[in-house]
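# Topology and contacts: notes
So the chains spell out like this:
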Amino acid sequence: HGMFAFAIVERDTGIVTMARDRFGIKPLYYAQNGRRLRFASSLPALLAAGDVDTSIDRAALHNYMSFHAVVPPPRTILAGVRKLPPATVRRYAPDGTFTDKTYWAPPYERRAEDNGLSANDWRDRVLDALRTAVRRRMVADVPVGVLLSGGVDSSVIVGLLAEEGQKDLMTFSIGFEEANGEKGDEFVYSDLIAKRFSTDHHKSIVPSSDLMGALPATIHAMSEPMVSYDNIGFYLLSREVSKYIKVVQSGQGADEVFAGYHWYPPLAETNDVVGDYANVFFDRSHAKMKLHLSDEWIAETDASRDLVAAHLLMEGAATPVDRALRLDSQVMLVDDPVKRVDNMTMAWGLEARVPFLDHELVELAA
């Protein structure tokens with residue numbers, strides 16, 4: 001039920017087995033050069049030993065510039081470094097050949113036995129599954145806190161932990177200075193939850209001057225290049241949280257699992273799921289990219305649209321929204337929100353657990 005990435009080398013047979021958890025919460029990068037295989041939890045670690053092809057992978061650059069900075073496995077931005085896909089077991093033979101097995105791919109389709117369920121039945125099933133997910137992630141040798149944004153997802157986690165009887169629950173919120181008349185925090189909401197459940201609540205306001213100073217360290221903490229204003233927020237929040245505890249639960253993944261994003265409603269009636277998904281999610285089209293990148297960096301094909309189309313049109317998803325949820329939870333989520341939180345928390349030795357990505361809960365939602 002957990003998050004993991006590992007490699008097992010069998011001394012007597014020479015067989016190497018690699019595996020990664022269902023949502024790729026934990027990273028596994030590798031570089032294969034002739035008969036040599038190196039692996040690590042970040043891309044820079046592989047570069048440290050040298051002799052890696054550091055030329056830019058143009059298809060990956062296309063993803064980066066178009067698919068909202070998401071570069072899905074097996075690619076990374078560098079041609080010489082690859083990453084193991086989530087939910088994958090790979091076995092290398094001593095001669096360097098390998099086989100991959102995908103061990104988890106839930107169907108996004110309706111089941112006949114669920115036809116008679118009411119909205120209340122579904123609510124109760126989801127609540128039971130989420131209770132179980134939160135309970136599983138309470139198991140630790142140290143206290144478990146919560147990154148409390150004040151949004152629905154993290155607030156539900158706080159409520160469930162309180163219900164489980166966790167005493168002196170620590171919660172953490174971060175805010176920024178107001179900019180251009182826009183408020184930089186959601187403390188009004190997180191304060192309500194902290195008060196309602198009597199948590200030991202910690203609030204941090206980050207001055208704008210601190211943001212610039214922390215940027216180099218934030219970038220250094222990235223396992224591969226990322227684009228999001230969240231990076232600096234999670235980095236500084238993790239710095240503060242790590243002063244108090246070493247394990248937190250986070251609401252990451254709920255939007256991808258329970259359709260919280262603004263681009264799902266427009267897909268409900270679409271006859272062109274690939275085109276309409278690209279319209280609402282892509283940062284720029286292939287044609288527009290030719291205006292932004294010089295010819296030497298342009299992929300030969302519309303690499304991002306091709307990748308998204310292949311995933312959206314696979315069997316096993318009943319509707320356009322199901323197809324988008326499957327893509328977002330199994331591809332986008334892995335190399336955007338989940339990677340960001342894991343990188344920024346681990347930079348401070350903080351373990352972030354994500355109950356909304358309990359695979360049984362996700363199977364129920366699917």
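Structure report, in brief. (Residues numbered from 1 in each chain as written. Predicted model: local features only at pLDDT ≥ 70, side-chain atom pairs only at ≥ 80, totals over all residues. Heavy atoms only, no water.)

## Considerations on the sheet that holds strand S12 (residues 351-353)
On the basis of which strands lie adjacent, the open sheet formed by 5 strands has the order S10-S9-S8-S11-S12 and parallel pairing. The sheet is open, and its two edges are formed by strand S10 (200-206) and S12, each paired on a single side. Strand-to-strand twist across the sheet, computed as the mean angle between neighbouring axes with direction ignored, equals 30°. Where strand S9 (residues 170-176) meets S10, 7 bridges bridge the pair, whose relative direction is parallel. What sits directly across from Phe172, in S10, is His202. Docked against the sheet, helix H7 (residues 230-241) engages strand S8 (144-147), S9, S10 and strand S11 (247-249), running at close to 140° with respect to S9. (Pairing = 2+ DSSP bridges. Helix = DSSP H or I, 4+ residues; strand = E, 2+ residues; numbered from the N terminus. Axes fitted to C-alpha atoms, helices over the stretch in contact; angles between N-to-C directions. Contact = heavy atoms within 4.5 Å.)

## Section: the pairing of strand S3 (residues 29-33)
The two faces of the sheet receive side chains in turn, since in a regular strand these alternate between them. Here S3 pairs with strand S4 (residues 36-40) via 5 bridges, running antiparallel. In the strand pairing of S4, Asn33 is matched with Arg36. Hairpin connection between S3 and S4: a loop of 2 residues separates the two successive antiparallel strands, and Gly34 in this loop has a positive phi of roughly 65°. Bridge count between S3 and strand S5 (residues 82-83): 2 bridges; the pairing is antiparallel. Counted as the bridge partner of Tyr29 is Lys83 from S5.

## Thoughts on the packing of helix H2 (residues 58-66) against helix H11 (residues 303-312)
The contact between H2 and H11 brings their axes to 8 Å, and the two run at 85°. Judged on the interaxial angle alone, H11 and H2 are roughly perpendicular. Contact with H2, carried on its side by Ala59, His62, Asn63 and Ser66, involves Ala303, Ser304 and Leu307 of H11 and no other residues of that element. (Parallel < 35°, antiparallel > 145°, perpendicular 65-115°, else oblique.)

## A word on the pattern of salt bridges
On inspection of all chains with the given rule, the structure shows 29 salt bridges. Measuring nitrogen to oxygen at the nearest pair gives 3.1 Å for the salt bridge that ties Asp358 to Arg137. You can see Asp358 sitting in the loop between S12 and helix H14 (359-365) and its partner Arg137 sitting in the loop between helix H3 (119-136) and S8, a full 221 residues away along the chain. The residues Asp358 and Arg137 share a single accessibility class, namely buried. Between Asp335 and Lys339 there is a salt bridge whose closest N-O contact spans 3.1 Å. Of this pair, Asp335 and Lys339 are both found in helix H13 (residues 334-346), 4 residues apart, which corresponds to roughly one turn of the helix. Here Asp335 matches Lys339 in class, with each residue buried. In the salt-bridge network here, residues are joined through shared partners; they are Lys83, Glu224, Asp335 and Lys339. (Salt bridge = Lys/Arg side-chain N within 4 Å of Asp/Glu carboxyl O. Buried < 20%, exposed > 50% of the residue type's maximum accessible area, 1.4 Å probe, protein only.)

## Topic: the packing of aromatic side chains
One pass over the full model with this rule turns up 13 aromatic pairs. Centroid distance Phe67 to Phe282: 5.8 Å. Interplanar angle 55°. Geometry classified as tilted. A residue pair is termed long-range when its members are at least 10 positions apart, and Phe67 in the loop between H2 and S5 and Phe282 in the loop between helix H9 (273-281) and helix H10 (286-292) qualify at 215 residues. Comparing Phe67 with Phe282, the two get one shared label, buried. Pairwise contacts between aromatic rings join Phe67, Tyr261, Trp263, Tyr264, Tyr277, Phe281 and Phe282 into one cluster. The aromatic ring of Phe187 is capped on one face by Lys203, whose charged end is 5.2 Å from the ring centroid. (Phe/Tyr/Trp six-rings, centres within 6.5 Å; stacked < 30°, edge-to-face > 60°. Lys NZ or Arg CZ within 6 Å of the ring centre and 35° of its normal.)

## What about the nonpolar core?
Judged by nonpolar contacts, the single largest core of 33 residues is most densely connected at Phe67, Tyr277 and Leu357. Broken down by secondary-structure element, the contributors of at least two residues to this core are H9, H11 and helix H12 (320-332). Considering each element in turn, this core owes the most residues, 6 residues, to H12. Excluding its chain neighbours within four sequence positions, the residues that come into contact with Leu357 are Phe23, Ile25, Arg137, Gln252, Gly253, Val257, Leu333, Val338 and Val362. Formed by 21 residues, the second largest nonpolar core is a distinct cluster that contains Leu147, Ile174, Val206 and Phe234. (Core = buried A, V, L, I, M, F, W, Y, C linked by side-chain atoms within 4.5 Å.)

## Some details on H13
The sharpest bend along H13 comes to roughly 25°, located at Arg340. With 12 of 13 residues buried, H13 lies mostly within the body of the structure. (Bend = angle between axes of the 7 residues up to and from the residue.)

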